[in-house]
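Take a look at the letters that make up each chain.
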Amino acid sequence: MPNQLAIFVSGRGSNMEAILAASANGELDAQIAVVLANDAQAKALTIAQEYGIPTVAVANQGLSRAQHESSILEALSSFKIDYIVLAGYMRILTASFLNHFRDPRGFYRVINIHPSLLPAFPGKSAYEEAFAYGVKVSGITVHLVDEQVDHGAILAQQAFPRHDDDTLETFKQRGLSVEHVLYPRVLQDICQHGIKVQTRERESVEI
Ligand code: GRF
């Protein structure tokens, strides 16, 4: 039985699509059990439906964070999810939600992609901030999610250059094309070998 993934999205869904494509063409040995959005209008939902993947929209509008998260847990209850994959999901998940996906080592089976070389430029506007700062090299980070924003153990990073004649758009495009290769590749590694992290205490841990 392949690993079952739930992908959480909020908008465009280009990373989600890269993951769905990798699963469809055999590069990712995982089943995408469900794509969940916090916005029923998210373009990602339409793309997922085109791939024949079950989708669910759990709108956060008008709900407290606790109410929203408990609605998500209810929506996921009919699936057996091995990993939650955040792909442009613009909501912070609380410890109480994450605890439902805690593994025996105390990590959460929740993975995120962030468009900077963390710990540089956490937050919502990483491409914009890195570009405005004038970095010569930026990169993409795939990491485990913990209780802090863009903070959990790093699983993989890939750098890309900023060229002198870049505009913000060309810089973002270069980064996105790295994202679309890196994320499915890291997920495939997790599905085949589990999660291996180098903790900040420099202890290598397999979970
Ligand atoms: C990506 O840049 C991702 O790294 C960040 O949000 C963006 C989502 O884009 N977390 P998309 O919805 O996958 O196209």
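The structure under discussion appears in the preceding block.
Let me begin by describing the structure that accompanies this report. These numbers come from a predicted model, not from an experiment.

Re the nonpolar core
Ile7, Met16, Val35, Ile111, Leu155 and Tyr183 are the most contacted members of the largest nonpolar core, which totals 48 residues. At 9 residues, helix α6 (residues 168-193) tops the list of elements feeding residues into this core. If we skip the residues at most four places from it in the chain, Val35 touches Ile7, Val9, Met16, Leu45, Ala48, Ile53, Pro54, Thr55 and Val56. Among the nonpolar cores identified, the runner-up in size contains 20 residues, and Ala33, Leu36, Val56 and Val110 belong to it.

Some points on the side chain of Asn3
Inspection of the secondary structure assignment puts Asn3 in strand β1 (residues 3-9). Of the polar contacts made by the side chain of Asn3, one reaches the backbone oxygen of Cys191; its length is 3.3 Å. For Asn3, the residues in contact, after removing those within four places along its chain, are Asp29, Ala30, Gln31, Asp82, Tyr83 and Cys191.

As for the pairing of strand β5 (residues 110-114)
Across the 5 residues that make up β5, a large majority, 5, are buried. Burial of the side chains of β5 extends over both faces: Val110, Asn112 and His114 are buried on one face and Ile111 and Ile113 on the other. One ladder, built from 3 bridges, connects strand β4 (residues 83-86) with β5; its direction is parallel. Counterpart to Val85 in the pairing with β5 is Ile111.

Considering the site of the ligand
Every residue lining the ligand is accounted for by Arg12, Gly13, Ser14, Asn15, Gly88, Ile113, Pro115, Tyr127 and Glu179. With respect to the ligand, the backbone of Asn15 contributes an N or O atom lying 2.9 Å from an oxygen atom. Interatomic distance of 2.6 Å between a side-chain N/O atom of Glu179 and an oxygen atom of the ligand. In the shell around the ligand, the residues fall into 3 nonpolar, 4 polar and 2 charged.

What about the packing of aromatic side chains?
In the structure shown here, the tally under the stated rule is 7 aromatic pairs. For the ring pair Phe121 and Tyr133, a centre distance of 5.7 Å and an interplane angle of 70 degrees mean the geometry is edge-to-face. You can see Phe121 sitting in the loop between β5 and α5 (126-133) and its partner Tyr133 sitting in helix α5, a full 12 residues away along the chain. On the basis of relative accessible area, Phe121 is assigned to the buried category, the value being 18%. For Tyr133, a relative accessible area of 66% translates into the label exposed. Ring geometry for Phe131 versus Phe171: centroids 5.5 Å apart, planes at 50 degrees, classification tilted. In this pair, Phe131 sits in helix α5 while Phe171 sits in helix α6, placing the two residues 40 residues apart along the sequence. Taken together, the ring pairs connect Phe8, Tyr89, Phe97 and Phe101 into an aromatic cluster.

Things to note about the environment of Arg174
As for its position among the elements, Arg174 is in helix α6. Expressed as a C-alpha distance, the spacing of Arg174 and Phe160, which sit 14 residues apart in the sequence, is 7.4 Å. The residues touching Arg174, leaving out its near neighbours within four places in the chain, are Phe160, Pro161, Arg162, His163 and Asp166. A polar contact of 3.0 Å, which involves the side chain of Arg174, links it to the backbone oxygen of Pro161.

Observations regarding the pattern of salt bridges
What the rule picks out here adds up to 4 salt bridges. A salt bridge links Lys80 to Asp82; the nearest nitrogen and oxygen atoms lie 2.8 Å apart. Of the charged contacts, one joins Glu128 and Lys172 as a salt bridge, the two residues approaching to 2.9 Å between their closest N and O atoms. You can see Glu128 sitting in helix α5 and its partner Lys172 sitting in helix α6, a full 44 residues away along the chain. Given a relative accessible area of 32%, Glu128 falls into the partly exposed group.

Some details on the sheet that holds strand β7 (residues 154-161)
Taken in spatial order, the 7 strands make up an open sheet running β3-β2-β1-β4-β5-β6-β7, and their pairing is mixed. Looking at strand neighbours, the two that pair on one side only are β3 (55-57) and β7, the edges of this open sheet. The average undirected angle you get between the axes of adjacent strands in this sheet is 20 degrees. Relative to the sheet, helix α2 (residues 43-50) contacts β1, β2 (30-37) and β3, its axis offset from that of β3 by approximately 160 degrees.

How each quantity is defined
- Residues numbered from 1 in each chain as written.
- Predicted model: local features only at pLDDT ≥ 70, side-chain atom pairs only at ≥ 80, totals over all residues.
- Heavy atoms only, no water.
- Core = buried A, V, L, I, M, F, W, Y, C linked by side-chain atoms within 4.5 Å.
- Buried < 20%, exposed > 50% of the residue type's maximum accessible area, 1.4 Å probe, protein only.
- Helix = DSSP H or I, 4+ residues; strand = E, 2+ residues; numbered from the N terminus.
- Contact = heavy atoms within 4.5 Å.
- Polar contact = N/O pair within 3.5 Å; in protein donor to acceptor, adjacent residues only side chain to side chain.
- Pairing = 2+ DSSP bridges.
- Near = heavy atom within 4 Å.
- Nonpolar A, V, L, I, M, F, W, Y, C, P; charged D, E, K, R; others polar.
- Phe/Tyr/Trp six-rings, centres within 6.5 Å; stacked < 30°, edge-to-face > 60°.
- Salt bridge = Lys/Arg side-chain N within 4 Å of Asp/Glu carboxyl O.
- Axes fitted to C-alpha atoms, helices over the stretch in contact; angles between N-to-C directions.

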